[in-house]
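# Commentary on secondary and tertiary structure
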Amino acid sequence: MNSQNEMAPHYGAGQQSFTTEQNFSTEDILWAVGIWSVILTLSPVIVFYMLMVA
C-alpha cells in the first residue's frame, strides 16, 4: 500500500510533463535559439583555445 502511494505522484508528474512537451511556446523556441546561438558562437573560441594549449 505504501508503494502505491509513492508511485502516484511520479505518475502524475510524468503525465503532466508529457502533455506540456507536445506544445512548444514562443518562449521555449526563443530559449532554444538563444542556447544554440551561445553554443555556436563559443565553439570556435573553445576549439582555437584547445589547439593553442595542446
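Residues numbered from 1 in each chain as written. Predicted model: local features only at pLDDT ≥ 70, side-chain atom pairs only at ≥ 80, totals over all residues. Heavy atoms only, no water.

### Thoughts on the overall build of the chain
Inclusion rule: Strands are runs of DSSP state E lasting at least two residues, helices are runs of H or I lasting at least four, and both sets are numbered from the N terminus onward. Per-residue accessibility, obtained with a 1.4 Å probe over protein chains only, is compared with the maximum for each type, and a residue is labelled buried under 20%, exposed over 50%, and partly exposed between these values. Computed by Shrake-Rupley with a 1.4 Å probe, the accessible areas treat only the displayed protein chains as cover when residues are assessed.
Within the chain, the secondary structure is distributed over 2 helices and 0 strands. The buried share among the 54 residues of the chain stands at 0%. As displayed, the chain has an accessible area near 5400 Å², and 70% of this comes from carbon and sulfur atoms.

### Overview of a nonpolar patch on the surface
Basically, it comes down to this: Patches here are clusters of residues that have more than 30% relative accessible area and form no salt bridge, with a 9 Å joining cutoff for like charges and a 5 Å cutoff for nonpolar side chains (Val, Leu, Ile, Met, Phe, Trp, Tyr). Counted as salt bridges are all cases of a side-chain nitrogen of Lys or Arg within 4 Å of a carboxyl oxygen of Asp or Glu.
The grouping of Val-38, Leu-42, Val-45, Ile-46, Tyr-49, Met-50 and Val-53 at the surface amounts to a nonpolar patch, some 710 Å² of accessible area in total. Tracing the sequence through the fold places Ile-46 in helix α2 (residues 26-53). Using a relative accessible area of 51% as the deciding quantity, one classes Ile-46 as exposed.

### Points about α2
Stated precisely, the cut-off is as follows: How far a helix is expected to stretch is found by multiplying one less than its residue total by 1.5 Å. One axis fitted to the seven residues ending at a residue, another fitted to the seven starting there: the angle between these axes is the bend at that residue.
The end-to-end C-alpha separation of α2 is 40 Å, in line with the 40 Å expected for 28 residues at 1.5 Å each. For α2, the principal kink sits at Leu-42 and spans about 30°; a proline, Pro-44, occurs within the next four residues. Burial analysis of α2 places just 0 of its 28 residues in the buried class, which makes it a mostly uncovered element.

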